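Chains, contacts and geometry: an overview
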2 protein chains.
Amino acid sequence: MDHPILDQSACSLVDSMRRGELAAAETMRAFLDRIAALDPKLRAFAYLDPDSALAAAERIDHARAAGGAPGPLHGLPVAVKDIIDTADMPTEFGAEIFIGRRPDRDAVIVHRLRAAGAVVIGKTITSQYALFVPGPTQNPHDGAHTPGGSSSGSAAVVAAKLAPVALGTQTNGSIIRPASYCGVVGFKPSLGLLPRTGVLRQATLIDHPGVMARSVSDAALIVDAIAGEDPNDSLSRNPMASMLDAALGDRPLPRFAYTLGPFESRAEPATRQAFAAFIASLPIPVDAIVLGSEFVAAEATLRDLMSAGVAESLGPDIDNASAKVPELVVQLVRAGRGLSGAEVMGTWTRRDRLRASLIERISDYDAVLTFAASGPAPLASEGTGDPIFATLWTLIGAPAYSLPLMTGAKGLPVGVQAVAAPGRDWELTRAAAWLMRAAAQ
Amino acid sequence: MDHPILDQSACSLVDSMRRGELAAAETMRAFLDRIAALDPKLRAFAYLDPDSALAAAERIDHARAAGGAPGPLHGLPVAVKDIIDTADMPTEFGAEIFIGRRPDRDAVIVHRLRAAGAVVIGKTITSQYALFVPGPTQNPHDGAHTPGGSSSGSAAVVAAKLAPVALGTQTNGSIIRPASYCGVVGFKPSLGLLPRTGVLRQATLIDHPGVMARSVSDAALIVDAIAGEDPNDSLSRNPMASMLDAALGDRPLPRFAYTLGPFESRAEPATRQAFAAFIASLPIPVDAIVLGSEFVAAEATLRDLMSAGVAESLGPDIDNASAKVPELVVQLVRAGRGLSGAEVMGTWTRRDRLRASLIERISDYDAVLTFAASGPAPLASEGTGDPIFATLWTLIGAPAYSLPLMTGAKGLPVGVQAVAAPGRDWELTRAAAWLMRAAAQ
């Protein structure tokens, strides 16, 4: 169960496999063995076919032996959230009405993973429709607690070392919060850096794929392989430079600020204290940024964008089977349908104003540090936790990391969120990696 | 009236002024003299203050004499459509209810023009609200004909040599069509290349600023100076390379295709013949692309996006003064308000599908040639002409040129439109410049 492969970083595994010192099949076997031992209790996988995953890894080994050039993710097992399409595995959105759904083709980001040599190890549990109602996944640090949502399985898998990295998604707080609760690195790049074709659509202005990993450089390695324009996603963009280069560089010193944000009162007192102590402990100056009540509107603005989007994308399917759909989801569709076209356009306008105003406040910094969550993971009986500390940054399409830098009650992990202006993924990645190195010293 | 300055390109004027061989004031005086002679009949300017324009040019000369480095548009007079904000001139949208409106600040593209050393010579006539109801501007080739709309004054000013270049905007066909009718080069870059902050908002997914010029390289010179990200415009992007470099380069040979598009039947028979003859005359192979009836939906999709957008942006002002607003504009607002939020989201989805499908068809080519307008400029009494041949490309945010390469009845000019996949502005500019050079030989 404690095979040394499990403790290696994704970067190091890929390195060994590319050099031919480690077989993809051997790597896959180590993770599959651990899944077999732990997942019956953890419940992080929605779909797993160990024989197929192993066969796919063996094909990677054969291709290499036959002289094929190894890709940048050669042989790497990657777990994929179950709202991201895979042509060879079901993709069911955690939803009863989509049981048995088999997409025709891979999502673009999955296609790019495989083209880079990665192997999809299995599909991870999501909250139903990536919305409110949790799946069965436990928090690896304490089974009575939630792993967070909606990328529950992806965070748990990485924290429990059932896979080195995983893909997740965030339309409000679905990467940052579970990463915080599970003590892993979560990276949600700027809107558009990772295309959404083949990912369950909730609302195109705020739907963000992202990565769960155990280090900033592992997250950056994955983003480098899957980022960039896609004709089917009109908001997609090419990255300006390699995230992995950013993560590995260490000069010059990044410029940091911190903010308690407009929602400070929703953070637990112990978390506020821990965050203040963390900021005070940093060996460099950190400016303070005040984000006042004018930003509170972000919560309602994001909710309206999400409800209008979900009404359009899921409404018709839900109409056909509403008895099988959780009441909260039906209500969200109903709320979306209550909005007029002019109201939706107005929501977008308000979002753009908040975005410009936030960019003005934060663009002098490579990273602005803030809360990733209100505290450590709540009890599973209390739901998947409050996404509010991700809301502002999701709404404006900003890049965001959750970094496992604090500890809360019962020794449960608590993340520090690092954000930057939209498009500043490179600078933010450099700053996040710097921060993790500083904390390790 | 026929001062040699008037016939020089913008590139050549800037060159002479940057080298100190020509004063900005002398340039300005030549254009102001011509305006004084011709504009009383042409009616292309909505606002003109010759003394202030001359004073601004003199300040440019003084700054240079005092040792200031000349900018890339040093001393260049630029006319600006009256829906683009200028802090020192009224910006009235051609609309009775906005008479006397004085913006607080320049639009971002105007700010960048001035920062590059350009001088705003005056504001040009637009259709009311940049919508259906024309202003008084005549077509310089024949005063009984429309210059097209809504960038009527900007096209007429450049065609009549009242200014070397002008800014316009296009939400459906408002640059390509007037450029075609007036026989000038119109360039509408990809959505996002020119930011819209300070430009009358109709619908953010389809609002495009652009340039009227007498050559591709003059248009490229202006775009280079004003393109790029703006925090207040969340769809804005940085260009990948210099458009002027593209216009001046001539290797390798661009790849061309042509299409008659899904709206061929709305082109006049003579225009269809002229276009076929033009394609046949090209000294290189030109592939044919068929765009069938599945693209007809673009017209209704764009109309819905526009009506929802106008309902949001202009609705409140119009409610307060509807007696002074043309009935067609009031109807557009009413239509927009009739759309639900889910319908608006659905419109965006349909637009994205059309976009992906078009990109797939055209992305092998540097330029796809098609109609710019249904024919030469109609009589002014018939309105501003049919924008349909720009609709597809505006809807998907593609870059588009109108190039003055054909002639219709009474010797009136007719443009050839050249388009490319969104983001391929550089390749398209290179191809457009190549085409103009080939036609001149």
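Please refer to the structure higher up on the page.
Just so it is clear, the model here is predicted, and its values are computed rather than measured.

Observations concerning the relation of the copies chain B and chain A
In screw terms, the move from chain B to chain A is a rotation of 180° and a rise of 0.0 Å along the axis, fitting with an RMSD of 0.0 Å. As the rotation angle and translation indicate, the two copies are arranged about a two-fold axis. Residue by residue, 100% of the interface of chain B is reproduced at the interface of chain A, so both copies engage with the same surface.

A word on the packing of helix α10 (residues 297-313) of chain A against helix α14 (residues 388-395) of chain A
Residues and elements named next belong to chain A. For the pair α10 and α14, interaxial distance at closest approach is 9 Å and the crossing angle is 70°. One finds that α10 runs roughly perpendicular with respect to α14. Where α10 crosses over α14, the two elements pack in a sense that is left-handed. Seen from α10, the contacting residues are Ala 298, Glu 299, Thr 301 and Leu 302; seen from α14, they are Ile 388, Thr 391, Leu 392, Thr 394 and Leu 395. Of the residues that constitute the contact of α10 with α14, the class distribution is five nonpolar, three polar and one charged.

What to know about the pairing of strand β8 (residues 286-289) of chain B
Two faces belong to every sheet, and in a regular strand the side chains alternate between them. Residues and elements named next belong to chain B. In this structure, strand β7 (residues 256-259) lies alongside β8, joined through four bridges in parallel fashion. Bridged to Ala 257 within β8 is Asp 287. Handedness of the β7-helix α9 (residues 269-281)-β8 crossover: right-handed.

Things to note about the sheet that holds strand β1 (residues 45-47) of chain A
Residues and elements named next belong to chain A. Sheet architecture is open: eleven strands sit in the order β1-β3-β2-β4-β6-β5-β10-β11-β9-β7-β8, paired in mixed fashion. Looking at which strands have only one partner, the edges of the open sheet turn out to be β1 and β8 (286-289). For this sheet, the mean inter-axis angle between neighbouring strands, taken without regard to orientation, is 35°. Alignment of strand β7 (residues 256-259) against strand β9 (residues 367-371), held across three bridges, turns out to be parallel. Paired with Tyr 258 across the bridge in β9 is Leu 369. Contacts between helix α7 (residues 216-226) and the sheet are confined to β4 (165-170), β5 (185-188), β6 (208-213) and β10 (400-407), with β6 contributing the most and set at about 140° to the helix.

Digging into the environment of Lys 410 of chain B
With respect to the secondary-structure elements, Lys 410 of chain B resides in the loop between β10 (400-407) and β11 (413-419). As for Lys 410 of chain B and Asp 142 of chain B, which are separated by 268 residues in sequence, their C-alpha atoms are 9.0 Å apart.

Considering the sheet that holds strand β5 (residues 185-188) of chain B
All names here are of chain B. The sheet built from eleven strands is open, its strands ordered β1-β3-β2-β4-β6-β5-β10-β11-β9-β7-β8 with mixed pairing. In this open sheet, the two edge strands, each paired with only one partner strand, are β1 (45-47) and β8. Looking at each pair of strands side by side, their axes are set apart by 35° on average, direction ignored. Note that β5 and β10 share three bridges and pair antiparallel. Within the sheet, the bridge partner assigned to Gly 186 lies in β10 and is Ser 402.

Rules used throughout
- Residues numbered from 1 in each chain as written.
- Chains lettered and ligands numbered in written order.
- Predicted model: local features only at pLDDT ≥ 70, side-chain atom pairs only at ≥ 80, totals over all residues.
- Least-squares fit on C-alpha atoms with pLDDT ≥ 70 in both.
- Contact = placed C-beta atoms within 7 Å.
- Axes fitted to C-alpha atoms, helices over the stretch in contact; angles between N-to-C directions.
- Helix = DSSP H or I, 4+ residues; strand = E, 2+ residues; numbered from the N terminus.
- Parallel < 35°, antiparallel > 145°, perpendicular 65-115°, else oblique.
- Left-handed = near helix turned anticlockwise from the far one by under 90°.
- Nonpolar A, V, L, I, M, F, W, Y, C, P; charged D, E, K, R; others polar.
- Pairing = 2+ DSSP bridges.
- Right-handed = clockwise from strand over helix to strand, strands pointing away.

Worth remembering: the numbers are spatial, not functional.
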